[in-house]
Amino acid sequence: MLQYDDSAFYFVALSFITIYIVPSWYSIIKKVNAALFTSDEDIGAISRTSSEEKKAAELKKTSRGLKTLNSPGFVVNFVITVLCSIVFLWLYLSVQSNGEVNSFDPFSILDVDSAAELKEIKKAYKKMSLKYHPDKNPNNPAAEAMFMMVAKAYEALTDPVAKENWEKYGNPDGKQSLAVSIGLPEFLLNTDNRNLVLLTYLVVMVIVIPFAVWSYYSNSSKFGEKDVMYDSYAWFHHNLNEHVLIKSLPEVLAGSAEFRERNMTKSDADKQEVGKILSKVKSHMQKPTYNHPVVLKGNILLHAHLTRQTDVLSEASQEDLKYMLRYSSSLIDAMISVCKHQESLKSALNCIKFGQFVTQAMWIKDSELLQLPHFTAIEAGHCSKGKPSMKTIKQYMSIPNESKKGVRDFTPDHKEDVFKCCDILPNITVESKVFVDDDEDDKVYEGDLCTVSVTITRNNLEDGEKAGLVHAPGFPFPRREAWWVALGTREGKIISIDKVTSADKVVEHKIKFLAPRKGQYEFDLHVLSNAFVGFDHKESVGLTTLDASVLPEYKVHPDDAELDDEPTLFEEMMNANIEDDSDSDEETDSEDESEEEGIRELSAAERKKQELQNARKKAASAAGDDSDSDDDSDVEEVHADK
């Protein structure tokens, strides 16, 4: 008989808890190890120049240590794992003390010694049967089950056959194919716990599980690609168009849904601080389109970062700015994807350039030389005067170190920082080629699948060397170097735009598109850095397409044509089913006709016709190979005789 078994429940509970706590502890240990023992390079806390030392120290402080584990998800998981581990330990100790799954033991059921005499057994049986009798325990399944077990135990100790079966097979009913018990605790059957069990079941099934599902769905349904909220995508679609300018993009980024709760001004002091910062950066801002407090505060904080005036921010505002910059990369990528959906090349390029400014903490009118360590507008102004001219970062890098301007008043360490930074900054060459795969000649015809192969070579790297982190002391988080490759028409429509993240010295990216109609076309190829200002590359890609009608007619090989005519496996199966159905229908029809003929009475004309057919058969068998005319005469004679 099936019964609730505490020991079996212990094993079942141990199995289910193990499924959770083993991977959970692995994840916890892995995160703790990463927080305490991760290297500086892994968290991006490297200082190649003295200007990066402050950033590296801040990254070590914020990205390492137990405080980095102070996230709600980790804390909740850790608490649940510890509680489950305590339960696991208790269950393990319970199994050690009572580890055998319940087997049928009549002595323990009757609560008598294994050497008890028959008189003592009968006395115990009478006592326990009265205690657990169903009449004394109405609506008590546990007492009813125990009463049946007591009767069975008494039978096993008093009946010779039942006793022999129990001693042989462990069951008074004889050999059993399988012993089964229910892996649930026995207290579930106790009537005193009925209300508690029912209440727990209702709470779990009606409240806990639906709430967990709702929480997961409500949170996950807010986010789309790149872990960007759908409300942010809607905001970008509303504000981005082909006429958007770079100077209006800080306001677009500030309105992202990720910042709306964080940037809400909650007190008069916050409003006063926003006004104070606005007075500092107003001259660099475009006139705001939105006066909502959230958008206005985010816009002002971003301009404080872009104009390098973060020293006027309070500690709380600096934390809010860091929060925005943490998500700026993924949000700017989302803005570019929206521009790609709108097929607007100009707005996409502006978003990429805005990302460069955010990374380097620079703004539109700033000199490209401000990317160099210790450089200010004064040093940049010195470089632009006289000859040789060093207005752009590329021009400055091409000048030998001993001839570089702007470093005359620098200390030797600062000069070394500038020279080292010039070695870190990218130096690329771009090569492009248009071709058609598997084509016999170099000509392109209308409708061909064209490929534009773009090869980016980092000349500042040695063979086998990988590109390192971006040199951006003003950006508080590490960034990897990447390049945007965009191909568009002269009318400003996007054909392709992709982010190439490979850190290799030589990177090849392929753009595929269908050749347009017959004519000559010029496309614009743009290669832009995701983080550096002044290293963008643009070139023209020419394409001449010919009329496809001049191509020789394509002739199908006979073998290929036969293969095309052959039925597929699916068609063969379908035809076989149709033939089976038609055969069965014909057999059914013939059987029906024969049954009708056997039952229906023949008319006089039909009987005469049938006799004529029989006579013809007889004549044919008698005459052998005679002609048809002879057969007909014989038949007539036989018919006449009859």
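Structure: above.
First, a word on scope: everything that follows refers to the structure included in this document. (Residues numbered from 1 in each chain as written. Predicted model: local features only at pLDDT ≥ 70, side-chain atom pairs only at ≥ 80, totals over all residues. Heavy atoms only, no water.)

### Examining the packing of aromatic side chains
Next up, step 1: Scanning all chains against the criterion turns up 16 aromatic pairs.
Next up, step 2: An angle of 15° between the planes, with centres 4.1 Å apart, marks the rings of Tyr125 and Tyr154 as stacked. Here Tyr125 is found in helix α5 (residues 118-131), whereas its partner Tyr154 is found in helix α6 (residues 141-158), with 29 residues between them in sequence.
Next up, step 3: Assessed through its relative accessible area of 24%, Tyr125 is described here as partly exposed.
Next up, step 4: Residues Trp235 and Tyr290 carry aromatic rings whose centres are separated by 5.0 Å and whose planes lie at 50° to one another, so their mutual orientation is tilted. Taken together, the positions of Trp235 in helix α9 (residues 230-239) and Tyr290 in the loop between α11 (268-281) and α12 (293-306) put the pair 55 residues apart, joining distant regions of the chain.
Next up, step 5: Here Trp235 falls in the buried class, since its relative accessible area comes to 14%. (Phe/Tyr/Trp six-rings, centres within 6.5 Å; stacked < 30°, edge-to-face > 60°. Helix = DSSP H or I, 4+ residues; strand = E, 2+ residues; numbered from the N terminus. Buried < 20%, exposed > 50% of the residue type's maximum accessible area, 1.4 Å probe, protein only.)

### So, the sheet that holds strand β2 (residues 444-445)
Next up, step 1: Overall, mixed pairing links the five strands, which are arranged β2-β8-β7-β4-β5 in an open sheet. In this open sheet, the two edge strands, each paired with only one partner strand, are β2 and β5 (494-500).
Next up, step 2: Strand direction decides the pairing type here: strand β4 (residues 483-489) and strand β7 (residues 519-529), joined by seven bridges, are antiparallel. For Ala486, the partnering residue across the bridge sits in β7 and is His526.
Next up, step 3: Sitting on the sheet, helix α13 (residues 315-341) touches β4 and β5, and the angle it makes with β5 is about 160°. (Pairing = 2+ DSSP bridges. Contact = heavy atoms within 4.5 Å. Axes fitted to C-alpha atoms, helices over the stretch in contact; angles between N-to-C directions.)

### Remarks on the environment of Lys276
Next up, step 1: In this fold, Lys276 is placed in helix α11.
Next up, step 2: Judged by its relative accessible area of 52%, Lys276 falls in the exposed class.
Next up, step 3: When the C-alpha positions of Lys276 and Val312 are compared, they lie 8.7 Å apart, and in sequence the two are 36 residues distant.

### Notes on the environment of Pro516
Next up, step 1: When you line up the elements, Pro516 lands in the loop between β6 (506-514) and β7.
Next up, step 2: Expressed as a C-alpha distance, the spacing of Pro516 and Cys450, which sit 66 residues apart in the sequence, is 9.7 Å.
Next up, step 3: Residue contacts for Pro516: discarding those within four places in its chain leaves Glu446, Gly447, Tyr521, Leu543 and Thr545.

### Structural notes on the sheet that holds strand β3 (residues 449-458)
Next up, step 1: The three strands are arranged β1-β3-β6 in an open sheet whose pairing can be described as antiparallel. Bordering the open sheet on either side are β1 (428-436) and β6, each of which pairs with just one other strand. Each adjacent strand pair in this sheet contributes to an overall mean axis angle of 15°, direction not counted.
Next up, step 2: Bridging between β3 and β6 involves nine bridges; their strand directions are antiparallel. When the sheet's bridge partners are listed, Thr451 is paired in β6 with Lys512.

### Here's the deal with the pattern of salt bridges
Next up, step 1: Taken as a whole and assessed by the stated rule, the structure comprises 13 salt bridges.
Next up, step 2: The partner of Asp333 in a salt bridge is Lys499, with the nearest N and O atoms 3.2 Å apart. Within this pair, whereas Asp333 is found in helix α13, its partner Lys499 is found in strand β5, the two being separated by 166 residues in sequence.
Next up, step 3: Of the residues examined, Lys499 reaches a relative accessible area of 31% and is grouped as partly exposed. (Salt bridge = Lys/Arg side-chain N within 4 Å of Asp/Glu carboxyl O.)

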